Amino acid sequence: TLLYTIKFELQMMKDFVKQCTKIVCIGRNYAKHAAELGNEIPAEPFYFIKPTTCLVEDGGEIIYPDISNNIHHELELGVVIGKKMSKVTKENAMSYVAGYSVTIDVTCRDWQEKCKAERKPWSISKCLDTFCAVGPFIPADELAHDNVEMLLKVNEDKRQHVNTKDMLFDVPTLLEYVNQHITLLPGDLVQTGTPDGVGPMVKGDTVFVSIPGVSEASFKVV
């Protein structure tokens, strides 16, 4: 039956990390974050790709790489794709969403700045192992994507606190933009951009992320 199929698909999506083929990361989707890094506000969405080897789940460890002296947390709403999506318009985009996850896009800020200064791609700053920390799967009907409060703390220090209503481009617009050129598959994750308040993490830190009253996760920096 249709109901059984929907329940089965949602059960499968709880393990989206195992199905994920790629992580699409949106840049500069909050005006204050663009400003804090001295970047212009984009006229249209832009994105980069992380490999699935970046993924680490709730309770896992974020590995501090030897090559960097300055890794940053970036709190983001992750959108989990539920079915193959190609050239879908924003009017229909949300029917392809299985659910959400509260996530961290980890960044080697020193390497990102170095690569930008040298006009080189900055994949090395974003794509290292454990550089995409994800919380538990949240079914789509449990969140209103345009009104999600999120919080990130490092130890007991509140660093980022935002609501997705402040996004420059909302979730349907982002999905439309991405899937016009890149086919999204079940389990794929779209990180929708970080707000202001990004900052450093050091070895020994515990990083907590949450959607208050809905979901939470924590990660140890090692």
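Everything numeric here is computed off the predicted structure, so don't read it as measured data.

Caption draft 1: Just the overall build of the chain, in detail. What the chain contains, in helices and strands, is 6 helices and 16 strands. In summary, the chain has a C-alpha radius of gyration of 16 Å against a globular reference of 17 Å for 222 residues, a match within 12%. Its C-alpha atoms give the chain principal-axis dimensions of about 55 × 35 × 30 Å. Expressed as a percentage of the 222 residues in the chain, the buried residues total 50%. Within the chain, contacts between residues separated by at least 24 positions form 78% of all contacts whose residues are at least 6 apart in sequence. For the chain, the exposed surface amounts to about 10400 Å²; the carbon and sulfur share of it is 52%. In the chain, 23 positive and 30 negative side-chain charges are present, and the distance between their average locations comes to 3 Å.

Caption draft 2: Summary view of a negative patch on the surface. The grouping of Asp15, Glu57, Asp58 and Glu216 at the surface amounts to a negative patch. Along the polypeptide, aspartate 15 turns up in the loop between helix 1 (2–13) and helix 2 (16–19). Look at aspartate 15 and you get partly exposed, because its relative accessible area is 40%.

Caption draft 3: Summary view of the sheet that holds strand 8 (residues 107–108). The strand order 8-5-14 describes an open sheet built from 3 strands, whose pairing is antiparallel. Strands at the two margins of the open sheet, each flanked by one partner only, are strand 8 and strand 14 (199–201). As judged from the 3 bridges shared by strand 5 (residues 71–73) and strand 14, these two strands associate in the antiparallel manner. What sits directly across from isoleucine 71, in strand 14, is methionine 201.

Caption draft 4: Representation of the side chain of aspartate 105 in the model. On the secondary structure map, aspartate 105 appears in strand 7 (residues 97–105). Side-chain polar atoms of aspartate 105 contact the side chain of lysine 126, separated by 2.7 Å.

Reading the values: the criteria
- Residues numbered from 1 in each chain as written.
- Predicted model: local features only at pLDDT ≥ 70, side-chain atom pairs only at ≥ 80, totals over all residues.
- Heavy atoms only, no water.
- Helix = DSSP H or I, 4+ residues; strand = E, 2+ residues; numbered from the N terminus.
- Rg over C-alpha atoms; globule rule 2.2 N^0.38 Å.
- Buried < 20%, exposed > 50% of the residue type's maximum accessible area, 1.4 Å probe, protein only.
- Contact = heavy atoms within 4.5 Å.
- Areas by Shrake-Rupley, 256 points an atom, 1.4 Å probe, with all protein chains shown as cover.
- Lys, Arg positive; Asp, Glu negative; His and termini not counted.
- Charge placed at Lys NZ, Arg CZ, Asp CG, Glu CD.
- Patch = residues over 30% accessible without salt bridge, like charges linked within 9 Å, V, L, I, M, F, W, Y side chains within 5 Å.
- Salt bridge = Lys/Arg side-chain N within 4 Å of Asp/Glu carboxyl O.
- Pairing = 2+ DSSP bridges.
- Polar contact = N/O pair within 3.5 Å; in protein donor to acceptor, adjacent residues only side chain to side chain.

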